[in-house]
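Reading the structure
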Amino acid sequence: MHDFHYRGKKLLCEGVAVEALARRFGTPLYVYSQHTLTDHFQKLDRVMSPVEHLVCFSVKSNSNLSLLRVLARLGSGFDIVSGGELQRVLAAGGDPRRCIFAGVGKTEAEIEFALRQNVYSFNAESEAELQRINRVAARLKKTAPVAVRVNPNVAAHTHAKITTGTYENKFGIAFEQIEGIYARAARLKHLRLRGLQMHIGSQLTRVAPFERAVRKILPLVRRLAERYKLEFLSIGGGLGIVYEPALASGSPGWWKTAAARNILTPASYAARLLPRLQPLGLKIVLEPGRFISGNAGILVTRVEYVKRTGRKNFVIVDAAMNDLIRPAFYDAYHEIVPVARKTGASIKSDVVGPICESGDYFCKDRPLPGVGEGDYLALLSAGAYGFVMSSNYNTRPLAAEVLVNGRRAAVARVRQPAKEIWSGEKVVAWLK
Ligand code: LLP
């Protein structure tokens, strides 16, 4: 259940009025609920408690230092994909020994940095990478803990751009080749084979694909664990969330909605997977991103103009695809609600940003309450892959971010000054 709800006509984040935040900090503005973030982490952590486990929050979904600090204090580990993300985790007070380093293209410098920080495991994606990790570890006179990412070749039934566990994808190593790779890796002196990893895709709303993948790799895991004394199995991230209307329809909350729609919940996920995982006796690592941060954030935007063309009603807002690219990139749905609840008939509207591209929209022909200049709208469930995917396209400064905790609200990232956007640029010598 998330902590964005109406009291009377006002949209609140926990105990704070969203409109007051928009006026105080300006828009576009990301607003995060600390309680929602905490709650989602703990719900997952708790259902996994029958087994030794480590929840590694996937930093790519939301890397704001304040959010990472909240999770670090809850004992979260971190799933990182770059040297930069590792530096962020350190800056936020996270424990590098609870970090797993994923990604297909780790550079030598990144491997060296992560080795010096003693990360829990490198999740390797190719044989060439294993050799590179071994080489760097030899140079540093260290032993690198590694796991190999197995591609189980199962369909995840999610958007094509975020499915990762089939042979069409660049990720992992084919199921059939894994044992050969482990045999060769075992001969590399500066590697310690610590685990096995899989991840089949993102925004999975059913448990069945996870179950299929786990069932498929179990015999392999058992053999490898025994042969190489493995310590952990990572079952990746990918747990989906509810994006469709929950708040506008007056639904009491996320978990109820998820259960009613037969969408996976922490309870159903654990109930179906734990009986298979528990007998392994391995530590189970999870890498959820969206599940923890997704429903914990909203993007608040101001209506600048309403443009009626006869055929269409365009609501032009001050946020754009550079602030939240998911609708343009994946045709993703984000619920849009007025920050001050409206009465009156709804109008089919396109909510669009000011960027000069037809793809710069948040919704099309969606029945929305009539709004006018100066009204604020909130795009819900924008806490994952929202701010982190933003850009400076059209020389638009990056939005500000605010964290709310009960009745307190504070800036977690200042709005980027426009000048900063070109501060690293130079007029080259021959043009001076
Ligand atoms: N582990 C690995 C190896 C991953 O590649 C990912 C996400 C995760 C964990 C975390 O997945 P999650 O629990 O958040 O689903 N930008 C896209 C999502 C890209 C996901 C990339 N990998 C979106 O906006 O939907």
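Thresholds, definitions, all that
Residues numbered from 1 in each chain as written. Predicted model: local features only at pLDDT ≥ 70, side-chain atom pairs only at ≥ 80, totals over all residues. Heavy atoms only, no water. Buried < 20%, exposed > 50% of the residue type's maximum accessible area, 1.4 Å probe, protein only. Helix = DSSP H or I, 4+ residues; strand = E, 2+ residues; numbered from the N terminus. Pairing = 2+ DSSP bridges. pLDDT = per-residue confidence, 0-100. Contact = heavy atoms within 4.5 Å. Salt bridge = Lys/Arg side-chain N within 4 Å of Asp/Glu carboxyl O.

Describing the pairing of strand 19 (residues 376-379)
Side chains of strand 19 alternate between two faces, with Tyr 376 and Ala 378 and Leu 377 and Leu 379 buried alike. Bridge count between strand 14 (residues 297-308) and strand 19: four bridges; the pairing is antiparallel. By the bridge assignment, Leu 299 is partnered in strand 19 with Leu 379.

Quick word on the confidence of the model for the chain
Across the chain, the average pLDDT comes to 94, with 94% of residues at 70 or higher. Under a pLDDT of 50 for its full length, residues 248-252 has, in the predicted model, five contacts with residues more than four places off or in other chains.

Some remarks on the environment of Ile 217
Secondary-structure assignment places Ile 217 in helix 8 (residues 208-228). Given a relative accessible area of 0%, Ile 217 falls into the buried group. With 21 residues separating them in the primary sequence, Ile 217 and Leu 196 have C-alpha atoms 9.9 Å apart. With sequence-adjacent residues up to four places away left out, Ile 217 is seen in contact with Val 150, Pro 152, Phe 175, Leu 196, Met 198 and Leu 233.

Some words on the pattern of salt bridges
Side-chain pairs of opposite charge can arise where the charged atoms are in close proximity. Applying the stated criterion across every chain, the model contains 23 salt bridges. For Glu 179, the salt bridge goes to Arg 227, with nearest N and O atoms at 3.2 Å. In this pair, Glu 179 sits in helix 7 (residues 178-185) while Arg 227 sits in helix 8, placing the two residues 48 residues apart along the sequence. The partly exposed category is assigned to Glu 179, whose relative accessible area is 25%. Overall, Arg 227 belongs to the partly exposed group, its relative accessible area being 45%. Across the pair Asp 365 and Lys 312 runs a salt bridge, and its minimum N-O distance is 3.0 Å. Note that Asp 365 is positioned in strand 18 (residues 361-369) and Lys 312 in the loop between strand 14 and strand 15 (313-317), a separation of 53 residues in sequence. Through salt bridges that share partners, Glu 108, Glu 112, Arg 116, Arg 135 and Arg 139 make up one connected network.

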